[in-house]
Amino acid sequence: MAERKCIYVRGIGSYLPDKILTNSDLEKMVDTSDEWIVTRTGIRERHIAAEGQVTSDLAVEAAKKALADADLGPEDVDIILVATVVPDMPFPSTACFVQQKLGVKSNCPCASVEVGCSGMIYLMELAAGLLERGTCRRVLAIAADKLSAVTDWTDRSTCVLLADGAAALVLTAEESHGRAELLDTFLAADGSGAEFLCMPGGGGRCPATERSVAERQHFLKMNGREVFKRALRDMGGAVEQIFRRNAIGGEDVAYFIPHQANQRIIEAIAERICVPMEKVISTIARTGNTSSASIGIAWDSACREGRFKAGDLIVPVSFGAGLTSAAALLRWIG
Ligand code: COA
C-alpha cells in the first residue's frame, strides 16, 4: 500500500460580525435574564450579522484571513468546501457564492456539507481525502453559519444560545508551509436523534406554505435536554476514539477545543475525559454558539493569543445537528 501523505493546515482565519447582542439586549426581547443565561450557558454576548450580510459573506471574510495567514491568494485555491446549515439559499451550493465573491478561478470545484456544528472537523477529513488522492494541492475549507436567520426570536429556550460567525482553513500536503499537521480524525453520526435539532420547514418534507410560516416551521427547533445528554455521550466517545487509536491520554494533549455550545457541556466533557480546564479553550462567553464555525473561531483566537507552542497536541471535538459528532488530533508546528 502507498504511504499516506501528511496533511497540513497552512492557514487559519475567522470572522465575527461587528454587531454585538448582549444578554441585557435579550432581556428586552424575551422573558429571560442575564443571570439565567450566564448560569445555564456561560454566554454573555454574541455577534449577529448585519441585515443583508449572508452566510457566504461571513465565509468570504474568514477565507480572506485564512488565505493571508497561509500567504496565498484566491488564485491559489483548487477546491472550496463549505460547511453550513444556513446556506444562502437551498441551492446552489453556498461554496459557489463564495467562489464568485472571493474571485476564485472558474474551474475550481465547489461543494457544501450540512453536518451541523461538526462542520469544521468533517471538512478537515474530506480535505485530507482530496489531498491524499492528489485531486488538488490546496483546499479552502470554510465553516460558516448565519444562525440568526433561522433563530426564532420569540423562543427564549433557543434564541439566547445562537449566534453568527465563520472560520476557514487552508489545507495542503505541502510540508514546508504547515502551521499544524493533521494526524487523525474521527467522524460519527447518529440519525436516531435527527429530530432533536432541526429546521423542519423549507425542504421536501415541509415546503414553504402560509401554514408552515404560521406554525414557525422555518426556525431552528431543539430538544435542549436530549441534545445536552447526547452531546456529552458523543463528544466523550469521539475523544476516547482519538485517544485509543493514537495510544495517547488526556495528559499528552496540550489543548482541547470543544464545540462552543454551552459552558456546562464544555466543563462536563473536560471532567469526563479527566482534563483540567486550563487545557480547554473556551470562547463561548463572547461568541455564543456559532454552529459549524465555533471550533475554528476558538482555535483561531487561541492561535492569535500565542497559546500554542511547537509540538503541542491539540484535540478539537464537536457535536451537532444530525446528530453528528467528530474529533481530530493535530500537532502544532508554528
Ligand atoms: N430564560 C429563562 N428561563 C428559561 C430560558 C431562558 N432563556 N430558557 C428556558 N427557560 C426555562 C424553561 O422554560 C424551564 O422552565 P420550567 O421549569 O418552568 O419549565 C426552565 O428554564 C428550565 O429549562 P430546561 O430546559 O430544563 O433548562 P436546562 O437547564 O436544560 O438548560 C439549555 C436549557 C438549552 C441551556 C440546555 O438544555 C442546553 O444547553 N442544551 C444543549 C443545547 C445545545 O448545546 N444546542 C446546540 C447543539 S449544537
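Only a predicted model underlies this, so the values are computations on that prediction, with no experimental measurement involved.

Asker: What am I meant to see in the pattern of salt bridges here?
Answerer: A side chain of one charge can pair with a side chain of the opposite charge when the charged atoms of the two come close. Summed over the entire model, instances satisfying the criterion amount to 24 salt bridges. Between Glu-174 and Arg-10 there is a salt bridge, and its shortest N-O distance comes to 3.3 Å. With Glu-174 in the loop between strand E7 (164-172) and strand E8 (180-189) and Arg-10 in strand E1 (residues 7-15), this residue pair connects regions lying 164 residues apart in the sequence. In this structure Arg-10 comes out as buried when scored by relative accessible area, which is 7%.

Asker: Teacher, can you tell me more about the site of the ligand here?
Answerer: The full set close to the ligand counts 22 residues, and Thr-32, Arg-40, Arg-156, Arg-225 and Asn-262 are the nearest of them. The side chain of Arg-40 places a nitrogen or oxygen atom 2.7 Å from an oxygen atom of the ligand. Arg-225 is positioned such that a nitrogen or oxygen atom in its side chain is 2.5 Å from an oxygen atom of the ligand. Coverage of the ligand by the protein amounts to 74% of the 960 Å² it exposes when considered alone. Broken down by secondary-structure element, the contributors of at least two residues to the shell around the ligand are helix H2 (34-41), helix H6 (156-159), helix H8 (224-245) and helix H9 (263-272). When its residues are assigned to classes, the shell around the ligand shows ten nonpolar, seven polar and five charged. Taken domain by domain, the shell around the ligand gets at least three of its residues from each of domain 1 (7-179) and domain 2 (182-332).

Asker: Help me understand the pairing of strand E5 (residues 110-113) in this model?
Answerer: Regular strands have side chains that alternate between both faces of the sheet. Of the pairings in the sheet, the one linking strand E4 (residues 79-83) to E5 comprises four bridges and is parallel in character. If you follow Ile-80 over to E5, its bridge partner there is Cys-110. You can see the chain leave E4, run along helix H4 (residues 94-102) and come back into E5, and the turn it takes is right-handed.

About the cut-offs
- Residues numbered from 1 in each chain as written.
- Predicted model: local features only at pLDDT ≥ 70, side-chain atom pairs only at ≥ 80, totals over all residues.
- Heavy atoms only, no water.
- Salt bridge = Lys/Arg side-chain N within 4 Å of Asp/Glu carboxyl O.
- Helix = DSSP H or I, 4+ residues; strand = E, 2+ residues; numbered from the N terminus.
- Buried < 20%, exposed > 50% of the residue type's maximum accessible area, 1.4 Å probe, protein only.
- Near = heavy atom within 4 Å.
- Polar contact = N/O pair within 3.5 Å; in protein donor to acceptor, adjacent residues only side chain to side chain.
- Areas by Shrake-Rupley, 256 points an atom, 1.4 Å probe, with all protein chains shown as cover.
- Nonpolar A, V, L, I, M, F, W, Y, C, P; charged D, E, K, R; others polar.
- Domains from an automatic or database assignment.
- Pairing = 2+ DSSP bridges.
- Right-handed = clockwise from strand over helix to strand, strands pointing away.

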